[in-house]
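Coordinate analysis (summary)
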Amino acid sequence: MQENLKKIKDKKEKWQDEIVNPRLKRYKLAESPTTFYTPSDLDNFNFSEKVGFPGQYPFTAGNDPIPGWQATAEAQAIASNRFEWGGASSGGAGKYAGFGTPEDYRDYLLRMHELGRKAGPNFAMDLPTQCGYDSDDPRSLGEVGRVGVAIDSLKDFEVIYEAYTGDIDIDKIASNFTANGAASIIIAMYAALAENRGIPLEKLRGTPQNDILKEYVGRGTYIFPPRPSLRLFRDLLIFTTNHLPKMNITSIGGYHMREAGITREQDLGFSMAIGIEYLKAGVDAGMDIDLFAPRFTFNGFGGSMEIYKEIAFQRAARRMWANILKNRFGAKNPRSMMVRQISTAHIGCSSTTLQRPLNNLTRAVVGGMAGGMSGGIPFGAMPPWDEPLGLGHSLEAQQLGHDATRILIYEAKLGEVLDPWAGSYFMETLTNKIEKSAWEEIKKIENMGGAVTAIENGYMQSAASKGAYKRQKMVENHEQFIVGVNCFAGPNEIAVVTERSVEDVYDSKLMATAEKRKKEGLLKLKAERDNIKVQNSLNKLEAAAKNEQENLMPFLLDSVKAYATLQEMCDVMRKVFGVAEPTTI
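Residues numbered from 1 in each chain as written. Predicted model: local features only at pLDDT ≥ 70, side-chain atom pairs only at ≥ 80, totals over all residues. Heavy atoms only, no water.

Examining the packing of helix α21 (residues 531–545) against helix α22 (residues 553–561)
Between α21 and α22, whose axes approach to 9 Å, the crossing angle comes to 165°. In terms of orientation, α21 and α22 fall into the roughly antiparallel class. The handedness of the crossing between α21 and α22 is left-handed. On α22, the residues that touch S537, L538, K540, L541 and A544 of α21 are F555, L556, D558 and S559. Here the residues of the contact of α21 with α22 are counted per class, giving five nonpolar, two polar and two charged. (Axes fitted to C-alpha atoms, helices over the stretch in contact; angles between N-to-C directions. Helix = DSSP H or I, 4+ residues; strand = E, 2+ residues; numbered from the N terminus. Parallel < 35°, antiparallel > 145°, perpendicular 65-115°, else oblique. Left-handed = near helix turned anticlockwise from the far one by under 90°. Contact = heavy atoms within 4.5 Å. Nonpolar A, V, L, I, M, F, W, Y, C, P; charged D, E, K, R; others polar.)

Next up, the structure:
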C-alpha cells in the first residue's frame, strides 16, 4: 500500500507540474483557488479507528444508526403533520420565549396551549435576571421584561407554572432555562415549586443552559468570577445527579463564542477545554463519570457558510468528545461519549444579512444540506430568512423554512445515507486537520492551567476580539465576499421583498407597563413574606459560601422557599465571592 501511495504522490506532483502550473501561469495566479485530494493525503488512515460506524465509538459518523426523525419521516409525510415547537409531537420543551412579567408569560403560554402547543416552557429571561439583579434595582432600569421574562423569586415561578397543571403538570413536561450565572438559583426555584406541589424531584425533566465559562467569552451574563462560578456548577451537578436524575446538567456550546469572533478551530478547542473543566468538576467532587456525563448536552457549536469545513467540524467534535470521555476520564457508557445536540452543521445567524434578506433562505438551505450530511436533520429553517429584521420571525419565513427542510428530506432525500463523506480523501483530511488544530488549542489552554485560567488571563476573550476585528476587516478589504453586501450590490441588482405577517406575541402595551407592574409585585412580596426567615436563610447561605467544600444548593433551596429574591441570594454570594469584572484585553 505504501508503494501505491508513493506512486500516487509522484503522479500528483507530475500533474501539478504539467497540468496545473501552466494554468496558473495562464491566469496569472500565484496559487490555485482549487484543491484536489488523493489517498496520499490520508497516509496510515485507519477507518475503524478514525470513523467507525454510526452509533458506535468514536461516533465520527454520527450518534444514531437510525435517527428518530428519519424513522418517522414517511409517516409524518403521509399524515401531513406540521412540526411546531411545543406541539404534541415535538417532545421536549416548547419554543424559546419569554417577556414582561410572569403573568404576561403565563398568559402567553396559555394562548399556546389553546393552539395545541402544550410542551413545557423554554425560558428566555430578561438581562437583570440573567445578571443576578432584581427588577427594582436601579441597574435594571429599562431592561425589566425586555429580552425575556423577569424572574425575581419563587413567587414568579408559581405564577408562570399556573399554566401547567393536571395532565401537563411539571412531572409530565420538560422545562428549559437559558440561565448561566443564575442557573443554580433557577433550578432551586424549580425544585421548590415541585416540592410545594408534592412532586418528587426525581420526576423533573429539563435543561438549564448552565454553561457559565463561555459567558466570559461570548455572552457576558456572568455574575461572579470564574472560579466561584465553577464551584456553583459543581454544586448544581452534584445536586441534580443525586436528586434530579432526569434533569440535564448543562448545555455546552461554542456557538456564542464563534458569533463573538473566535475561529472555527478555536470554537472546537475552547468548547472542549470548557467541557473538560466541567467534567473535572464532577470527577474531583467524587462523582462517577458515567453517572453524570450522559446528562451533558450541547447547545450547539458555531456555524458558517463554508459547509465543507462545518461538516468536518461536526465529525471532529464527535470524535474528540468521545476520545476525551473514554481515554481521559475512563467513561464506559457510550452515552457519556456522545455530543448530544439538537442540530449539527449550520450557517450561524451572523451569516445572514440585512441587505437583500430573502437571500438568507438560500443560505439557510445550504446550512440545512450541511446539517443533513453531518449527522443531523437537514434543518433548512435555521435561521429563518428574516432573522436580521428582528426577533419575531414572520409566518412566511417560518413556512419557507418548514418547506425547505421538507424538500431536503423528501425530495433531495438527504437523510438516506449516514455520513456520506465517510472515507472521502478530502473530508477525512479536513476532519483530521480541524481536529489537530483544536487539540493544539486545548494543549495551549491546558499549559496555561485550564479553561478557567485562560479566561482569567484574558486569552479567550482576546481571541474573540481579535477574530471579530479580523473578520470585519476581511469583509471591508474584499478578502471575503458576501453577496449583496460587498459585492454584486450595484444599482441594477433588485432587492426582492415579500409579505411579513408576524404573530402578535408580545403586546406592546404590556411591555410598556411591565417594569412598573413587576416592581409593584416585588414590593408586595417583600411586605408579606416572613423577613426574619428570609434573613436567617441568607445568613446560612453566606456561612456556607465561605466553606468551599459545602454544597450551596440546599442553602439556595431554603432561601428560595423563604421567598428570598434572586438578587438577595446573589448579593450574599457577591459579598463572599466578589464580582466578575471584564478582563482587560
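With respect to the sheet that holds strand β2 (residues 120–123)
Spatially, the four strands line up as an open sheet ordered β1-β2-β3-β4, and their pairing is parallel. With one partner strand each, in any of the chains shown, β1 (93–97) and β4 (205–208) form the two edges of the open sheet. When strand polarity is set aside, the average angle formed by the axes of neighbouring strands in this sheet is 15°. Strands β1 and β2 of the sheet are contacted by helix α5 (residues 102–114), whose axis makes an angle of about 135° with β2. Each of β3 (174–177) and β4 is contacted by helix α8 (residues 183–196), which is oriented at about 155° to β3, the strand it contacts most. (Pairing = 2+ DSSP bridges.)

Let's talk about the pairing of β1
Two faces belong to every sheet, and in a regular strand the side chains alternate between them. Two strands pair when backbone bridges link them, and β1 and β2 are joined in this way by three bridges, in the parallel orientation. Bridge pairing in β2 links A97 to F123. For the crossover that starts at β1, traverses α5 and ends in the parallel β2, the hand is right-handed. (Right-handed = clockwise from strand over helix to strand, strands pointing away.)

Quick notes on the state of the cysteines
Counted by the stated rule, this structure contains zero disulfides. Here C570 is not cross-linked by a disulfide; its sulfur's nearest cysteine counterpart is in C131, at 9.8 Å. Looking at C570, the relative accessible area reads 0%, which means it is buried. (Disulfide = S-S within 2.5 Å. Buried < 20%, exposed > 50% of the residue type's maximum accessible area, 1.4 Å probe, protein only.)

Observations concerning unusual backbone geometry
In this chain, Y57 is followed by P58 through a cis amide linkage whose omega measures 10°. Within the secondary structure, P58 is located in the loop between α2 (47–50) and α3 (68–71). Positive phi is not limited to glycine here, since N210 has a value of about 45°. Locating N210 in the fold gives a position in the loop between β4 and α9 (212–219). In this structure, D419 is a non-glycine residue whose phi angle is positive, near 40°. Mapped onto the fold, D419 is located in the loop between α16 (395–411) and α17 (425–448). Judged by its relative accessible area of 6%, D419 falls in the buried class.

Topic: the packing of aromatic side chains
Taken as a whole and judged by the stated rule, the model has 25 aromatic pairs. Where F233 meets Y278, the ring centres are 4.1 Å apart and the plane angle is 15°; that geometry is what we call stacked. A residue pair is termed long-range when its members are at least 10 positions apart, and F233 in helix α10 (residues 226–243) and Y278 in helix α12 (residues 264–284) qualify at 45 residues. For F233, a relative accessible area of 1% translates into the label buried. For Y278, a relative accessible area of 0% gives the class buried. In this structure, K326 is placed above the aromatic ring of Y57, and the distance from its NZ or CZ to the ring centre is 4.2 Å. (Phe/Tyr/Trp six-rings, centres within 6.5 Å; stacked < 30°, edge-to-face > 60°. Lys NZ or Arg CZ within 6 Å of the ring centre and 35° of its normal.)

Observations concerning the pattern of salt bridges
Inspection of the entire model under this criterion finds 40 salt bridges. Here R231 and D235 are joined by a salt bridge, their closest N and O atoms 3.7 Å apart. Taken together, the residues R231 and D235, both in helix α10 and four residues apart, mark about one turn of the helix. Take R231 and D235: they sit in the same class, and that class is buried. Between R406 and D403 there is a salt bridge; the shortest N-O distance is 2.8 Å. With a gap of three residues between them, R406 and D403 both fall in helix α16, about one helical turn apart. The exposure class of D403 is partly exposed, given its relative accessible area of 29%. Salt bridges sharing common partners tie together R258, R264, D267, E306, K309 and E310. (Salt bridge = Lys/Arg side-chain N within 4 Å of Asp/Glu carboxyl O.)

What to know about the environment of S462
Structurally, S462 is set in helix α19 (residues 459–476). When the C-alpha positions of S462 and V217 are compared, they lie 8.6 Å apart, and in sequence the two are 245 residues distant.

Some thoughts on the side chain of E428
Here E428 lies in helix α17. The class for E428 is buried, based on a relative accessible area of 0%. Within the structure, the side chain of E428 is placed 2.8 Å from the side chain of R315, a separation counted as a polar contact. Not counting residues up to four positions away in its chain, the partners in contact with E428 are L42, F45, V51, R315, R319, W421, A422 and G423. (Polar contact = N/O pair within 3.5 Å; in protein donor to acceptor, adjacent residues only side chain to side chain.)

Concerning the packing of α9 against α10
Remark: α9 packs on α10, axes separated minimally by 8 Å, with the N-to-C direction vectors making an angle of 140°. One element, α9, and the other, α10, form an angle in the oblique class. Note on element contacts: α10 touches α9 through P226, S229 and L230, opposite I212, L213 and Y216.

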